[in-house]
Amino acid sequence: QVQLVESGGGLVQPGGSLTLSCAASRTIFSINDMGWYRQAPGKQRELVALISSSGLTNYADSVKGRFTIARDNAKNTMYLQMNSLKPEDTAVYYCNARRGFSTWWGQGTQVTVSS
């Protein structure tokens, strides 16, 4: 019973920055894990970053040092700050929330990194 809506995607040049937001329809304080996934054309969906309810984070090796995941429980919003973007970061980015055996997904937002 959690609706997720992503925003902030768009076109950015290599080396640029972009911030994605994921707004939840209800409180995310009780949600154990939230994360960002991405799927490039012709490729499998992959985990980009994960954040627990306590703030513990995990990142894919490909984005470590460049991306930062955060959650604001008071605003029911999760963020992904993306810096030093590369063309290989181009993908549809999906917000994910999980609690127990339940999982919810957003509709996705397109991120295109191109000169």
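Just above, that's the structure.
Residues numbered from 1 in each chain as written. Predicted model: local features only at pLDDT ≥ 70, side-chain atom pairs only at ≥ 80, totals over all residues. Heavy atoms only, no water.

What the protein contains, in helices and strands, is 0 helices and 11 strands. Ordered by position from N to C terminus, the α and β elements of the protein give β-β-β-β-β-β-β-β-β-β-β. For a compact globule of 115 residues, the expected C-alpha radius of gyration is about 13 Å, and the protein comes in at 13 Å, within 12% of that figure. Across its three principal axes, the protein shows a C-alpha extent of roughly 40 × 25 × 20 Å. Sorting the 115 residues of the protein into buried and exposed places 43% on the buried side. As displayed, the protein has an accessible area near 6,100 Å², and 49% of this comes from carbon and sulfur atoms. For the protein, the separation between the mean place of its 11 positive charges and that of its 7 negative charges on side chains is 4 Å. (Helix = DSSP H or I, 4+ residues; strand = E, 2+ residues; numbered from the N terminus. Rg over C-alpha atoms; globule rule 2.2 N^0.38 Å. Buried < 20%, exposed > 50% of the residue type's maximum accessible area, 1.4 Å probe, protein only. Areas by Shrake-Rupley, 256 points an atom, 1.4 Å probe, with all protein chains shown as cover. Lys, Arg positive; Asp, Glu negative; His and termini not counted. Charge placed at Lys NZ, Arg CZ, Asp CG, Glu CD.)

Applying the stated criterion across every chain, the model contains 1 disulfide. A sulfur-sulfur separation of 1.9 Å characterises the disulfide bridge that pairs cysteine 22 with cysteine 95. The chirality of the disulfide connecting cysteine 22 with cysteine 95 is left-handed, given an S-S dihedral of about -75 degrees. A residue pair is termed long-range when its members are at least 10 positions apart, and cysteine 22 in strand 3 (residues 18-24) and cysteine 95 in strand 9 (residues 91-99) qualify at 73 residues. (Disulfide = S-S within 2.5 Å.)

The phi dihedral of asparagine 76 falls on the positive side, at around 55 degrees, and the residue is not glycine. A positive phi angle is found at serine 84, which is not glycine, with a value near 50 degrees. Along the chain, the position of serine 84 falls in the loop between strand 8 (77-82) and strand 9.

Charged atoms that come close allow side chains of opposite charge to pair. For the structure shown, the criterion picks out 4 salt bridges. Arginine 38 is paired through a salt bridge with aspartate 89; the nearest N and O atoms lie 2.9 Å apart. Of this pair, arginine 38 sits in strand 4 (residues 33-39) while aspartate 89 sits in the loop between strand 8 and strand 9, and the two are 51 residues apart along the sequence. Among the residues examined, arginine 38 registers a relative accessible area of 5% and is labelled buried. Aspartate 61 serves as the salt-bridge partner of lysine 64, at 3.2 Å between the closest nitrogen and oxygen. What emerges from the salt-bridge pattern is a single network uniting Arg38, Glu46, Arg66 and Asp89. (Salt bridge = Lys/Arg side-chain N within 4 Å of Asp/Glu carboxyl O.)

Side-chain alternation along strand 7 (residues 67-72) places Phe67, Ile69 and Arg71 on a buried face and Thr68, Ala70 and Asp72 on a face that remains uncovered. Direction of pairing for strand 7 relative to strand 8: antiparallel, over a ladder of 6 bridges. From the neighbouring strand, alanine 70 faces strand 8, where its bridge partner is tyrosine 79. Linking two consecutive strands that pair antiparallel, namely strand 7 and strand 8, is a turn of 4 residues; a positive phi of about 55 degrees is found at asparagine 76 within it. (Pairing = 2+ DSSP bridges.)

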